[in-house]
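# Working through the structure, step by step
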Amino acid sequence: RSQTMTTQSKDLPAQLALRPRRTTALNPSWQRRCKGLALPVLIVIVLEIIVRIGWLPSYQMPAPSEIALTLTDLAEGALWKHIGASLIRVLIGFAIGASLALVFAAWVGLSREAEAYLEPTFAALRSIPSLAWVPLLLLWLGIDETSKIVLIAIGAFFPVYVNVVAAIRNIDRKLVEVGRIYGFSRLQLVRRILLPAALPGLFTGLRSGMSLAWMFLVAAELIAATKGLGYLLSDGRETSRPDIVLAAIIVLALLGKLSDGLLASLEKRFLAWRDTFNGHSAED
């Protein structure tokens, strides 16, 4: 027994060397998140120092700590009401605009005849600035929720439309010919070849449309609204409160990032089959 114990004790260092070591390093996803926070944290620190030493007047650019206090005060008051109003408008407007864009994009992408009739008009409409729509929508629809939702839908429509049409037209012709050889019907061709091949462009359009939906929301709420983040921006300007203006901008940025992150996670899930180049890492 003593000889066996001696042999096991001699083999113990080898066993410990073979045993997998526990690592305390962050996984790659958390590493990317920490790297993504580096620049915002640096900007906050620099701004805090610059304002505190007097290089920037606080009545023009409040210190980040003052903005944080303003956000805390707003969170205890009407901030959630403004966020809820803006979020509902964006979701409804984006859903309407993106749905219509998918229908027209599929029609134009699959039909040269539809492209000849619709594309010149859509090309002219998408060059109109967002603020140019506001007076017309107010005259037609009034200052209630309908005009705001329609303006947001217009903003979400064109990025989705343009990207989906481009995605359909950039599909390899050989894939369509293979589908026809196998006797696919038009519906099978769309479902099994065209739709999967166009998914990357679809998600690109959805993410672009969501960002423009938030931009058009501010344009709508700055003109005619009694609640919402755009109204909060306007209220801060009229009361000469740059801390409220910056607090509203920060909330808009966070909501935009969250919505884009949700679409990015859906894109990653639905396009997990792709084997694409993801860029070089520091270890390469």
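Right above here is the structure, for reference.
Here's what I pulled together on the structure shown here.

Each value, and the rule that gives it
- Residues numbered from 1 in each chain as written.
- Predicted model: local features only at pLDDT ≥ 70, side-chain atom pairs only at ≥ 80, totals over all residues.
- Heavy atoms only, no water.
- 1 Å grid on protein atoms, 1.4 Å probe; cavity = no way out; pocket = protein on both sides within 12 Å on 5 of 7 lines; lining within 4 Å.
- Points joined across faces, edges and corners; volume = space filled by probe spheres on them.
- Helix = DSSP H or I, 4+ residues; strand = E, 2+ residues; numbered from the N terminus.
- Nonpolar A, V, L, I, M, F, W, Y, C, P; charged D, E, K, R; others polar.
- Axes fitted to C-alpha atoms, helices over the stretch in contact; angles between N-to-C directions.
- Parallel < 35°, antiparallel > 145°, perpendicular 65-115°, else oblique.
- Left-handed = near helix turned anticlockwise from the far one by under 90°.
- Contact = heavy atoms within 4.5 Å.
- Expected span 1.5 Å × (residues − 1).
- Buried < 20%, exposed > 50% of the residue type's maximum accessible area, 1.4 Å probe, protein only.

Computed from the structure, the second largest pocket encloses a volume of approximately 550 Å³. Among the elements of the structure, α4 (79-110), α7 (145-169), α8 (173-181) and α9 (186-223) are those that each provide at least two residues to the lining of the second largest pocket. Here the lining of the second largest pocket is built from residues that sort into 8 nonpolar, 3 polar and 7 charged.

The interhelical angle for the contact between α9 and helix α11 (residues 242-270), taken along N-to-C directions, is 165°, at an axis separation of 10 Å. Considering their axes alone, α9 and α11 lie roughly antiparallel with respect to each other. When you trace α9 past α11, the crossing you get is right-handed. Side by side, α9 and α11 meet where F203, L206, R207, M210, W214, L217 and V218 of the first sit next to L252, L255, G256, S259, D260, L263, A264, L266, E267 and F270 of the second. Classifying every residue of the contact of α9 with α11 by side-chain character gives 12 nonpolar, 2 polar and 3 charged.

With that settled, the discussion passes to empty space enclosed by the protein. All told, the structure shown has 1 cavity of 30 Å³ or more when counted by the stated rule. Taken as a whole, the largest cavity holds about 70 Å³ of empty space. Mapped by element, the contributors of at least two residues to the lining of the largest cavity are α6 (130-141), α7 and α9. When its residues are assigned to classes, the lining of the largest cavity shows 8 nonpolar, 1 polar and 1 charged.

As a further point, take α11. Between its terminal C-alpha atoms α11 stretches 42 Å, which fits the 42 Å expected from 29 residues at 1.5 Å a residue. Those residues of α11 that fall on the buried side of the exposure criterion are D243, I244, A247, A248, V251, L252, L255, S259, L263 and E267. Tucked inside the fold, the buried residues of α11 contact α3 (64-75), α4, α9 and α10 (229-238).

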